[in-house]
Amino acid sequence: MLNKMMKTSLVVMAAVFATMSTADESQPIQLAQLSEGFDAQTKYMASCFACHSTGAAGAPKVGAGNAAAWDARLEKGLDAVVANAINGLNTMPAKGLCFDCTDADLRAIVEYMIESSK
Ligand code: HEC
C-alpha cells in the first residue's frame with residue numbers, strides 16, 4: 001500500500017518535472033522541430049485540403065498533375081513560399097489556419113503539398 005503510494009507520487013513528480021523542464025526549453029526547440037505526433041498529410045487534410053484540393057480563391061492545387069502551378073511559385077525559392085504559408089498571402093490565411101502548427105510543421109506540410117503535386 002505504502003509502496004504503491006510512493007510509486008504514484010514518484011510518477012507525479014516525474015510528470016511535473018517533465019512539464020517544468022520542457023516549458024523552459026520549448027520555444028527554441030519548437031522552432032526547429034516538428035510537433036510531437038506531427039503528420040504532414042493529416043495536418044494537410046485538416047487545415048489546407050479545403051482550399052488546396054479545389055483551388056478555391058486561386059489556391060495552387062495539390063495533387064498529381066499540378067506541378068506547373070507549384071513550379072511557378074517555387075521560382076522565388078522554397079523559403080519564400082514557406083514564409084508566405086506562415087504569414088499569409090492575399091486570401092491565403094496566415095498559417096493556413098493551422099494555429100497549432102510550428103513553422104517547421106508548416107514547412108513540412110508545404111513540402112508534402114509540393115511532393116504530392118508532382
Ligand atoms: C481559406 C483557403 C486556404 C486555406 C485554408 C489554405 N490556403 Fe494556402 N493558399 C490559399 C490561396 C487562395 C493561395 C494563393 C494566394 C495568392 O497567391 O494570392 C494559397 C497559397 C498557398 C501557398 C503558395 C504561397 C506562395 O508563395 O505562392 C502555400 C505554400 C500554401 N498556400 C500553403 C498552405 C498550407 C500549408 C495550408 C494549411 C496549413 C494552407 N495553405 C491553407 C488558400 C488557402
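Residues numbered from 1 in each chain as written. Predicted model: local features only at pLDDT ≥ 70, side-chain atom pairs only at ≥ 80, totals over all residues. Heavy atoms only, no water.

Q: If you had to explain the site of the ligand to someone new, which residues and values would you point to?
A: Every one of the 26 residues lining the ligand counts as a neighbour, but Cys-48, Cys-51, His-52, Asn-84 and Met-92 are closest to it. One nitrogen or oxygen atom from the side chain of His-52 is found 2.8 Å from a nitrogen atom belonging to the ligand. Here an oxygen atom of the ligand sits 2.7 Å away from a polar atom, N or O, in the side chain of Arg-73. If you list the elements that add at least two residues to the shell around the ligand, you get helix H2 (40–52), helix H3 (67–74), helix H4 (78–87) and helix H5 (103–115). (Near = heavy atom within 4 Å. Polar contact = N/O pair within 3.5 Å; in protein donor to acceptor, adjacent residues only side chain to side chain. Helix = DSSP H or I, 4+ residues; strand = E, 2+ residues; numbered from the N terminus.)

Q: Tell me about the environment of Lys-61, and name the residues and values.
A: Along the polypeptide, Lys-61 turns up in the loop between H2 and H3. For Lys-61, a relative accessible area of 38% puts it in the partly exposed group. Each residue touching Lys-61, except ones within four places of it in the same chain, is listed here: His-52, Ser-53, Thr-54, Gly-55, Asn-66, Trp-70 and Ser-117. (Buried < 20%, exposed > 50% of the residue type's maximum accessible area, 1.4 Å probe, protein only. Contact = heavy atoms within 4.5 Å.)

Q: Give me the side chain of Asn-66: which residues, what numbers.
A: If you trace the backbone, Asn-66 turns up in the loop between H2 and H3. Beyond its immediate sequence surroundings of up to four residues, Asn-66 is in contact with Lys-61 and Ser-117.

Q: Please give an account of the coordination of the iron atom of the ligand that cites residues and values.
A: Taken together, His-52 (NE2) and Met-92 (SD) make up the protein donors of the iron atom of the ligand, found 2.0 Å from the metal. Every donor counted, the 6 donor atoms about the iron atom of the ligand form angles of 87 to 179 degrees at the centre, which fits octahedral coordination. Placement of the pair is His-52 in helix H2 and Met-92 in the loop between H4 and H5, with a sequence separation of 40 residues. Note on His-52: relative accessible area 8%, which makes it buried. By relative accessible area, which is 24% here, Met-92 ends up partly exposed. (Donors = N, O, S within 2.8 Å, 3.2 Å for Na, K, Ca; no water. Tetrahedral: all angles 85-135°; square planar, octahedral: opposite > 155°, others 65-115°.)

Q: Give me unusual backbone geometry: which residues, what numbers.
A: Located in the positive-phi region is Asn-90, a residue other than glycine, with phi close to 50 degrees. Position of Asn-90 relative to the elements: it lies in the loop between H4 and H5. Residue class for Asn-90 comes out exposed when judged on its relative accessible area of 77%. The phi dihedral of Lys-95 falls on the positive side, at around 60 degrees, and the residue is not glycine. Positionally, Lys-95 belongs in the loop between H4 and H5.

Q: Give me the lowdown on the packing of H2 against H5, citing residues and values where you can.
A: It is the contact of H2 with H5, at a shortest axis distance of 10 Å, that shows an interaxial angle of 70 degrees. The angle between the axes of H2 and H5 places the two elements in the roughly perpendicular class. By crossing handedness, the relation of H2 to H5 is classed as right-handed. Across from Ala-40, Gln-41, Lys-43, Tyr-44, Cys-48 and His-52 in H2, the residues of H5 making contact are Ala-108, Ile-109, Tyr-112 and Met-113. Considered class by class, the residues forming the contact of H2 with H5 number 7 nonpolar, 2 polar and 1 charged. (Axes fitted to C-alpha atoms, helices over the stretch in contact; angles between N-to-C directions. Parallel < 35°, antiparallel > 145°, perpendicular 65-115°, else oblique. Left-handed = near helix turned anticlockwise from the far one by under 90°. Nonpolar A, V, L, I, M, F, W, Y, C, P; charged D, E, K, R; others polar.)

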